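So you can see what is in the structure, the chains are spelled out below.
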Amino acid sequence: MIQLYVPLNFLGVIYREIKQSMADMERLFQLLEQHREVADAPDAKPLAVRGAEVRFSHVNFSYESKRQILFDVDFSIPAGTTTAVVGHSGSGKSTLSRLLYRFYDIQSGSITIDGQDLRDVTQASLRAAIGIVPQDTVLFNDTIEYNIGYGKPEASKDDIVAAARAAHIHDFIVSLPDGYATMVGERGLKLSGGEKQRVAIARTLLKNPSILIFDEATSALDSKSEQAIQAQLKEVAQDRTTLVIAHRLSTIADAGQILVLDHGRIIERGTHGQLLAADGAYAQMWARQQAHRDEQTASPAAPDLD
Ligand code: ATP
């Protein structure tokens, strides 16, 4: 019994860690199928994706019964458009993405994709429809080809190269002495933050999901890489329903909708222009980041929202 308990307990610890970071959770779910906190309903059906409209209706959520994290969160992301969420650290931004991926079930309200409640569809079909570019991409100790392709085992080398080209990392890869066979990860070549994000973008392109979650890195890349990554993400997000968890307002100024989250409540919503005109919390954050940017022209990354 104890022999069994120890590895299961160990897996549980890993599972919680990964869940928290949202890194590589797609793979982890395959590995730890039996350790899910949420289960498929007996009559769960595959998600039928049409345009992939996402809707959070009056969502209340707490991880633990004593502390409520989200309060009556209500918004929709029209099919094929981008919604960005901003707010101070701990306001609940990443929680929204965890709930959309159904890591947890909510206490009240509903979350739907094209009108189908997440609790009524199979988790496999839900997760197949969602691609994630996490804050910090974890690379496996394997080749760069494997790292791009692992989310789609049936992908051919040509598919992988096409995804790498589209993510603008192909030229970098072929410049390495071992090309696509280069070992990366902890024991191999260490990639920069921007290169790792490009690997994540290539993975996502290969998966070709209808819904994209982009969890922006808290620490800014240098401004050239940042702009390049932003441009690529814009291409990837084109025609996909996209949720961006943003830390720098400059990266989301052209989002179709921006939600401002404060202690688990949406306190403002609108486009960048509408929110500036409203002269509220968002306008203040914007002014603060712009002032910081002006001060730091030598190092133009805007500060976090904290
Ligand atoms: P950041 O910008 O720092 O990433 P965030 O707005 O994304 O913050 P969340 O990660 O959504 O914030 O966390 C919202 C709140 O939920 C925080 O107070 C956090 O401590 C709490 N929380 C997050 N994960 C868990 C968990 N697994 N169990 C209990 N509380 C949690």
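These numbers were taken from a predicted model, which means no experiment stands behind them. (Residues numbered from 1 in each chain as written. Predicted model: local features only at pLDDT ≥ 70, side-chain atom pairs only at ≥ 80, totals over all residues.)

Caption draft 1: Just the sheet that holds strand β5 (residues 116-117), in detail. Ordered by their spatial adjacency, four strands build an open sheet running β2-β1-β4-β5, and the pairing between neighbours is antiparallel. Each edge of the open sheet carries a strand with a single partner, namely β2 (70-77) and β5. Direction of pairing for strand β1 (residues 54-61) relative to strand β4 (residues 108-113): antiparallel, over a ladder of five bridges. Bridge pairing in β4 places Phe 56 opposite Ile 111. Lying over the sheet, helix α3 (residues 93-100) contacts β1, β2 and β4, oriented at roughly 115 degrees with respect to β1. (Pairing = 2+ DSSP bridges. Helix = DSSP H or I, 4+ residues; strand = E, 2+ residues; numbered from the N terminus. Contact = placed C-beta atoms within 7 Å. Axes fitted to C-alpha atoms, helices over the stretch in contact; angles between N-to-C directions.)

Caption draft 2: The pairing of strand β9 (residues 257-262), seen in detail. The pairing of strand β3 (residues 82-86) with β9 spans four bridges and is parallel. Residue pairing in the sheet places Ala 84 in a bridge with Ile 258 of β9. Here β9 runs beside strand β10 (residues 265-270); their pairing, made up of five bridges, is antiparallel. When the bridges of β10 are listed, Leu 259 appears paired with Arg 269.

Caption draft 3: Summary view of the site of the ligand. Around the ligand, the structure places twelve residues, and the nearest of them are Tyr 63, Ser 89, Lys 93, Ser 94 and Thr 95. Residue composition of the shell around the ligand, grouped by class: two nonpolar, eight polar and two charged. (Near = placed C-beta within 6 Å. Nonpolar A, V, L, I, M, F, W, Y, C, P; charged D, E, K, R; others polar.)

Caption draft 4: Layout of the nonpolar core. In this structure, Val 85, Leu 100, Ala 202 and Ile 258 are the most contacted members of the largest nonpolar core, which totals 66 residues. It is helix α8 (residues 193-207) that contributes the most residues to this core, six residues altogether. (Core = buried A, V, L, I, M, F, W, Y, C linked by C-beta atoms within 7 Å. Buried ≥ 20, exposed ≤ 12 C-beta atoms within 10 Å, placed from the backbone.)

Caption draft 5: Highlighting the sheet that holds strand β6 (residues 130-133). Ordered by their spatial adjacency, six strands build an open sheet running β6-β7-β8-β3-β9-β10, and the pairing between neighbours is mixed. Every interior strand has two partners, whereas the edge strands, β6 and β10, have only one. Ignoring strand direction, the axes of neighbouring strands in this sheet form an average angle of 20 degrees. α3 rests against β3, β6, β7 (211-215), β8 (241-245) and β9 of the sheet, and its axis sits at about 145 degrees to β8.

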